[in-house]
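Listed below, chain by chain, are the residues.
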Amino acid sequence: MKVNGRPYQTVWLDGSTVKLIEQRKLPHVFEVASYATHHETARAIQEMVVRGAGAIGAAAGYAMAQAALHAPEARFHDALDKAAGVIRATRPTAHDLFYAVDRVCRAASCANSVESARMAAVRAATALAQDNARACQAMGRAGLPLMTPGLRMLTHCNAGWLAFVDWGSALAPVYAAQEAGIEVFVYATETRPRSQGAKLTEWELAQADVPHQLIADTAAGSLFQRGEIGLVIVGADRIAANGDTANKIGTYTLAVLARRHNVPFYVAASRSTFDLATPDGSAIPIEQRSEDEVLYVWGRADDGSLQRVRIAGPDARALNPAFDVTPAELIRGFITDQGILPATPDAVAAYMREPEASPAA
Ligand code: MRU
C-alpha cells in the first residue's frame, strides 16, 4: 500500500537487517526502524513497534532468519532453538507468530549443511512474508461480494495492511472494492486502550482515500440501533479448531451487538491464524498487558510535542486483557484466501486440509 503516494510493506528484510514501519509513533510520525539481530527484532515485537497478527508473524520469521544468519557454525541448531524460544516468548496470543517460528525452524532443520540451513531460513522467512501479502489480497477478492455500493461497515482495531505485510485482512475487501470502483464507508472504532483504530486504521484509510469516520468504542451500540451499520468485518489473532476467535478486546461486544441487530459479523483471516491444536476459545492464551496502557494516553499536544498524560487518578489500578474470544456461533463466516467459510469445526478442518492459494490465484 502507499504512504504519501510511495509503495510500502510493513516489514521487510534488507540483507540481515529487519526493517519495520514504527507503528507506535503513527499517525504523528512516519518512520522506518532497523533491527540488526533477532534479539532486537524480538524486542520490537514485544514493545509493539510492529503489531497485528500477520505483521508480527512476518517479523518473527525474519527474526528467525537473522538468528540463522548469525548463529555460530559449531552450535548452529542449539542457537536456533534458543532464538525460537526468545521469539515465541514475545507475545502469546497471535498464532501467526508461532506458525512463523515453526515454519522457518523446519526449513532450516531440513538442510544438510549449516550454510544451506542459513539460506533455507532466509528463503522460508521471505516466502512466508510474500504468502502473507498474497493471502490478504486473496481475502480481498473473497470478501468483495459483500461490498455492496453504499455499504456502511464497521471494523475494530487495526486489521488493515499495517497489521500484515500488505493489504490487511478485514480491510482487504474494502481495498478490493475501491479497486473495483465500489464505494463503501468504514466506521473505525478507536479501540482503547492502545487506540489502534484511532492511530492506525484511521491513518491507513486516509492514506488510501477510503471514506471513513472514527467512532468512540462506546458509540457502536447506538449506531447499530439506528441502522447505520450494514456489516462488520474484524480480523483475528487466533482461531480455534471449533471456530471460536480471539481478537482485540472489544470484538466480542461488537459480535453480540451485531447479533442483536441482525447485522452479519465476519472474521477475515489467513491459514496461519487458524490453530487446530487449540480445540476451542477457552484454551486460547490471552495476553495481559501493562495497566499503564489504560491509565495513560499518548498523543500529540497542541504545541506539537508528543506527550503521555495520565487520565486516571494517582492511585487508580487497571486491568488490561488485550484480547477477547468471540464464540463461533456469533460469526457469520470466515473470509479466507480460499473463499468464505462457515464458522464450523468441519469447515475449518476442510479449509486447513486445502493446499495454500497459488501465487497466480
Ligand atoms: O495487539 P495488537 O495490535 O497486535 O492486536 C492485534 C490486532 O490488531 C487485532 O486484534 C486485529 O484485529 C487482528 S490482527 C490482524
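Since we're looking at a predicted model, the values are computed, not measured.

Definitions and cut-offs
- Residues numbered from 1 in each chain as written.
- Predicted model: local features only at pLDDT ≥ 70, side-chain atom pairs only at ≥ 80, totals over all residues.
- Heavy atoms only, no water.
- Helix = DSSP H or I, 4+ residues; strand = E, 2+ residues; numbered from the N terminus.
- Polar contact = N/O pair within 3.5 Å; in protein donor to acceptor, adjacent residues only side chain to side chain.
- Domains from an automatic or database assignment.
- Contact = heavy atoms within 4.5 Å.
- Buried area = accessible area lost by both parts, 1.4 Å probe.
- Salt bridge = Lys/Arg side-chain N within 4 Å of Asp/Glu carboxyl O.
- Near = heavy atom within 4 Å.
- Areas by Shrake-Rupley, 256 points an atom, 1.4 Å probe, with all protein chains shown as cover.
- 1 Å grid on protein atoms, 1.4 Å probe; cavity = no way out; pocket = protein on both sides within 12 Å on 5 of 7 lines; lining within 4 Å.
- Sits in = over half its atoms within 2 Å of the grid points.
- Buried < 20%, exposed > 50% of the residue type's maximum accessible area, 1.4 Å probe, protein only.
- Pairing = 2+ DSSP bridges.
- Axes fitted to C-alpha atoms, helices over the stretch in contact; angles between N-to-C directions.
- Core = buried A, V, L, I, M, F, W, Y, C linked by side-chain atoms within 4.5 Å.

## Topic: the side chain of R103
So, step 1. For R103, the location among the structural elements is in helix α4 (residues 95-109).
So, step 2. In terms of polar contacts, R103 uses its side chain to reach the side chain of D131, at 2.7 Å.

## Observations regarding the domain arrangement of the protein
So, step 1. Each assigned domain of the protein is listed here: domain 1 (2-137) and domain 2 (140-353).
So, step 2. Look at where the C-alpha atoms of domain 1 and domain 2 centre, and you get two points 23 Å apart.
So, step 3. Counting residues at the interface gives 39 residues for domain 1, matched by 40 residues for domain 2.
So, step 4. Of the roughly 3,400 Å² buried between domain 1 and domain 2, counting both surfaces, carbon and sulfur atoms make up 57%.
So, step 5. When the buried area of domain 1 at its contact with domain 2 is split by residue, T93, C136 and Q137 rank highest and sum to 20% of it.
So, step 6. Connecting domain 1 to domain 2 are one salt bridge.
So, step 7. With its nearest N and O atoms 2.8 Å apart, the salt bridge here joins E287 to R91.

## Description of the site of the ligand
So, step 1. The environment of the ligand is made up of 18 residues, and the closest members are R51, R91, D237, N247 and K248.
So, step 2. Between D237 and the ligand, the recorded distance is 2.5 Å, taken from a side-chain N or O atom to an oxygen atom.
So, step 3. Isolated, the ligand exposes 400 Å² of accessible area, and the fraction of that covered by the protein chains is 99%.
So, step 4. When atom positions are compared with the pocket grids, the ligand is found to occupy the largest cavity.

## Quick notes on the pattern of salt bridges
So, step 1. Using the criterion set out here, one finds 15 salt bridges in the structure.
So, step 2. Taking the shortest distance from any N to any O, the salt bridge between E47 and R24 comes out at 3.8 Å. Taken together, the residues span a long stretch of sequence, with E47 in the loop between α1 (38-46) and α2 (53-70) and R24 in the loop between β4 (17-21) and β5 (32-35) at a distance of 23 residues.
So, step 3. Note that R88 is salt-bridged to D102, the shortest N-O span being 2.8 Å. Taken as a pair, R88 in helix α3 (residues 76-88) and D102 in helix α4 lie far apart in primary sequence, 14 residues in all.

## Points about the pairing of strand β17 (residues 333-336)
Regular strands show a simple pattern: their side chains alternate between the two faces of the sheet.
So, step 1. Residues of β17 alternate between two faces, with G333 and I335 on one and F334 and T336 on the opposite face, all of them buried.
So, step 2. Two strands pair when backbone bridges link them, and strand β12 (residues 265-268) and β17 are joined in this way by three bridges, in the parallel orientation. Of the residues in β17, the one forming a bridge with A268 is I335.
So, step 3. Between β17 and strand β18 (residues 339-341), which pair antiparallel one after the other, the connecting turn spans two residues.

## Points about the sheet that holds strand β13 (residues 274-275)
So, step 1. Read across the open sheet, the four strands follow the order β13-β10-β11-β16; overall the sheet is mixed. Both outer strands of the open sheet, β13 and β16 (323-326), are each paired with one neighbouring strand and no more.
So, step 2. Looking at chain direction, strand β10 (residues 238-240) and strand β11 (residues 245-248) are connected through two bridges and run antiparallel. Along β11, the bridge assignment pairs I239 with T245.
So, step 3. Of the strands in this sheet, β11 and β16 are in contact with helix α9 (residues 251-260), which crosses β16 at around 30 degrees.

## What about the nonpolar core?
So, step 1. Core analysis: the largest hydrophobic core is formed by 48 residues, its most contacted members being V11, L20, V50 and M64.
So, step 2. For this core, the elements supplying multiple residues, two or more each, are β3 (11-14), β4, β5, α1, α2, α3, α4 and α5 (114-143).
So, step 3. Examining the composition of this core, we find that twelve residues originate from one element, α2, more than from any other.
So, step 4. Dropping the residues within four chain positions of it, V11 is found in contact with K19, L20, V50, A55, A58, A59, Y62 and V165.
So, step 5. Of all hydrophobic cores here, the second largest spans 33 residues; its members include V3, I21, C136 and I233.

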